[in-house]
Amino acid sequence: MKKIILCLCLVLGLSSGAWADDYVGFLSRLKTTPEEFLMLMKHSWATQGWVILGGDHSSSKAKFYESLALMQMALNRGDIEEMILPDFVAEYLLRVSTNYEPSCVSSSGRMSLCFGFLKENRALLQKWNSALTYLRNNWTLAGLEKKYIKDFPADHTYDYIYGTKKDARKDRITFEKFPDAQTVRVAVTGDMPPADYVDAEGLPSGYSLAVLSEIGRVLRVNIVPVNVNAGARTAALVSGRADVVFWYEVNRQTEKQLDVPDEVIVSEPYLDWDKFIHVRFSEEED
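Residues numbered from 1 in each chain as written. Predicted model: local features only at pLDDT ≥ 70, side-chain atom pairs only at ≥ 80, totals over all residues. Heavy atoms only, no water.

Participant: For this particular structure, what's the right way to read the nonpolar core?
Facilitator: Counting 68 residues, the largest nonpolar core has Phe115, Trp128 and Tyr207 as its most contacted members. When residues no more than four places from it in sequence are discounted, the contact partners of Trp128 are Phe115, Phe117, Val184, Val186, Leu212, Ile215, Leu219, Ile223, Val244 and Ser267. Grouped together as the second largest cluster of nonpolar side chains are 13 residues, Cys114, Ala236, Ala242 and Tyr248 included. (Core = buried A, V, L, I, M, F, W, Y, C linked by side-chain atoms within 4.5 Å. Buried < 20%, exposed > 50% of the residue type's maximum accessible area, 1.4 Å probe, protein only. Contact = heavy atoms within 4.5 Å.)

Dropping the structure here:
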């Protein structure tokens, strides 16, 4: 799938014109402004040796959005020219919807999704890292990534392996319960599909939830997912609503972290990527 999208980006990008003073959208980062973030992204695009094929972004401006849904609405209204998304998120949207098309690919360096904790909760972080190391070494993480990210079908109820329809509830992620064990509340946003999304029945689902279920099993703790907006992740920790949060984005090639506030520490990574795909509203007629 990635090869197909890369080819599409090359074709579409080379035929696109320049965009003057147009806005591009990003999911909110918690330790920078849209202007600073776009400036750093442009620097990354230049130094990583990638050409921005979709046009001249020198005059582009950036907007942050608290959720993927809000950013999609802004794109559909024409408030922004593009959504700039991690490659796995963009590929998911391109699989499940005909409303979008890729315009280009840009390099980001080595990026990772991690779990976030308050600094005073270092003991839980250390246990979390031990569980992630265990799951990485026994290939559990690799297997879950293949199932939920690489092989995620366009139709959630369709089994590509057996070619038959299946009951979506059959694959619902569950959390094992341990009597008298510690309860750990984990804030999820639903903004990083297929790693983190809300299913048709309003329940958190995806790769991150599957990883979380395995961590709970390894540590023998009771996991309780809590829905929060992306911009409220730190507030959820500080208020005590959550003990852990999803999708703190870490750039593993620099010490300057744009999505990790000062009061937060992050776990070892559980998902890596190194490209962003620029997604535009499709102009093709149905």
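Participant: What exactly am I supposed to notice about the packing of helix H6 (residues 140–150) against helix H7 (residues 207–219) here?
Facilitator: Angle between the axes and distance between the axes: these two values describe a pair of packed helices. Axis separation between H6 and H7 bottoms out at 9 Å; the angle between their running directions is 150°. Between H6 and H7, the interaxial angle falls into the category roughly antiparallel. Like other packed secondary-structure pairs, H6 and H7 cross with a definite hand, here right-handed. For the pair H6 and H7, the contacting residues are Thr140, Leu141, Leu144, Glu145, Tyr148 and Ile149 in the first and Tyr207, Ala210, Val211 and Glu214 in the second. Partitioning the contact of H6 with H7 into residue classes produces 7 nonpolar, 1 polar and 2 charged. (Axes fitted to C-alpha atoms, helices over the stretch in contact; angles between N-to-C directions. Helix = DSSP H or I, 4+ residues; strand = E, 2+ residues; numbered from the N terminus. Parallel < 35°, antiparallel > 145°, perpendicular 65-115°, else oblique. Left-handed = near helix turned anticlockwise from the far one by under 90°. Nonpolar A, V, L, I, M, F, W, Y, C, P; charged D, E, K, R; others polar.)

Participant: Sorry, what's going on with the environment of Thr33 here?
Facilitator: Secondary-structure assignment places Thr33 in the loop between strand S1 (23–27) and helix H2 (34–47). Under the relative-accessibility criterion, Thr33 is labelled partly exposed at 32%. From its side chain, Thr33 meets the backbone nitrogen of Glu36 in a polar contact 3.1 Å long. (Polar contact = N/O pair within 3.5 Å; in protein donor to acceptor, adjacent residues only side chain to side chain.)

Participant: What is the right way to read the packing of aromatic side chains from this model?
Facilitator: One pair of aromatic rings is described through two measures. These are the centre distance and the angle between the planes. This structure, assessed with the given rule, holds 10 aromatic pairs. Each ring, one from Phe26 and one from Phe37, has its centre 4.9 Å from the other, and the planes form 85°; the classification is edge-to-face. Within this pair, whereas Phe26 is found in strand S1, its partner Phe37 is found in helix H2, the two being separated by 11 residues in sequence. Through a chain of ring-to-ring contacts, the aromatic side chains of Phe115, Phe117, Trp128, Tyr207, Phe246 and Tyr270 assemble into a single cluster. Looking at Arg233, its charged tip hangs above the ring of Trp247, at a distance of 4.0 Å from the centre. Across from the ring centre of Tyr248, 4.9 Å away, lies the NZ or CZ of Arg233, which sits over that ring. (Phe/Tyr/Trp six-rings, centres within 6.5 Å; stacked < 30°, edge-to-face > 60°. Lys NZ or Arg CZ within 6 Å of the ring centre and 35° of its normal.)

Participant: Mind showing me how you'd approach the pairing of strand S11 (residues 244–251) here?
Facilitator: Consecutive side chains along a regular strand alternate between the two faces of the sheet. Across the 8 residues that make up S11, a large majority, 8, are buried. Strand direction decides the pairing type here: strand S7 (residues 183–188) and S11, joined by 2 bridges, are parallel. Along S11, the bridge assignment pairs Val186 with Val244. (Pairing = 2+ DSSP bridges.)

Participant: Sorry, what's going on with the pattern of salt bridges here?
Facilitator: Tallied over the entire structure, the rule returns 11 salt bridges. Two residues, Asp151 and Lys146, come together in a salt bridge whose shortest N-O distance is 2.5 Å. Among the residues examined, Lys146 registers a relative accessible area of 47% and is labelled partly exposed. The salt bridge involving Asp243 is made with Arg185; its shortest N-O contact spans 3.4 Å. A residue pair is termed long-range when its members are at least 10 positions apart, and Asp243 in the loop between helix H8 (233–239) and S11 and Arg185 in strand S7 qualify at 58 residues. Classification of Arg185 as partly exposed rests on a relative accessible area of 32%. Shared partners join several salt bridges into a network, and the residues in it are Asp87, Asp274 and Lys275. (Salt bridge = Lys/Arg side-chain N within 4 Å of Asp/Glu carboxyl O.)

Participant: Would you mind showing me how to read the side chain of Arg29 here?
Facilitator: In this fold, Arg29 is placed in the loop between S1 and H2. One polar contact links Arg29 to Glu249, side chain to side chain, over a distance of 2.7 Å. Not counting chain neighbours up to four residues away, the residues in contact with Arg29 comprise Phe37, Phe64, Glu249, Leu258, Asp259 and Phe276.

Participant: Hey, could you run me through the confidence of the model for the protein chain in this one?
Facilitator: Low pLDDT means the predicted coordinates in that region are not meant to be read closely. Overall, the predicted model of the protein chain reaches an average pLDDT of 81, with 79% of residues at or above 70. The spread of mean pLDDT over the elements of the protein chain runs between strand S5 (residues 158–159), the lowest at 36, and helix H5 (residues 122–137), the highest at 97. Throughout residues 1–20 the model reports pLDDT below 50, and contacts reaching past four residues in sequence, or to other chains, amount to 40 contacts. Throughout residues 156–168 the model reports pLDDT below 50, and contacts reaching past four residues in sequence, or to other chains, amount to 19 contacts. (pLDDT = per-residue confidence, 0-100.)

Participant: I keep staring at unusual backbone geometry and nothing clicks. Help me out?
Facilitator: Keep in mind that most residues, glycine aside, have a negative phi and that most peptide bonds are trans. Cis geometry is found at the peptide bond from Pro193 to Pro194, where omega equals 0°. For Pro194, the location among the structural elements is in the loop between S7 and strand S8 (197–198). The phi torsion at Asp180 lies on the positive side, around 65°, for a residue other than glycine. Relative to the assigned elements, Asp180 resides in the loop between strand S6 (164–165) and S7. Positive phi values are uncommon outside glycine, yet Trp247 reaches one of about 50°.

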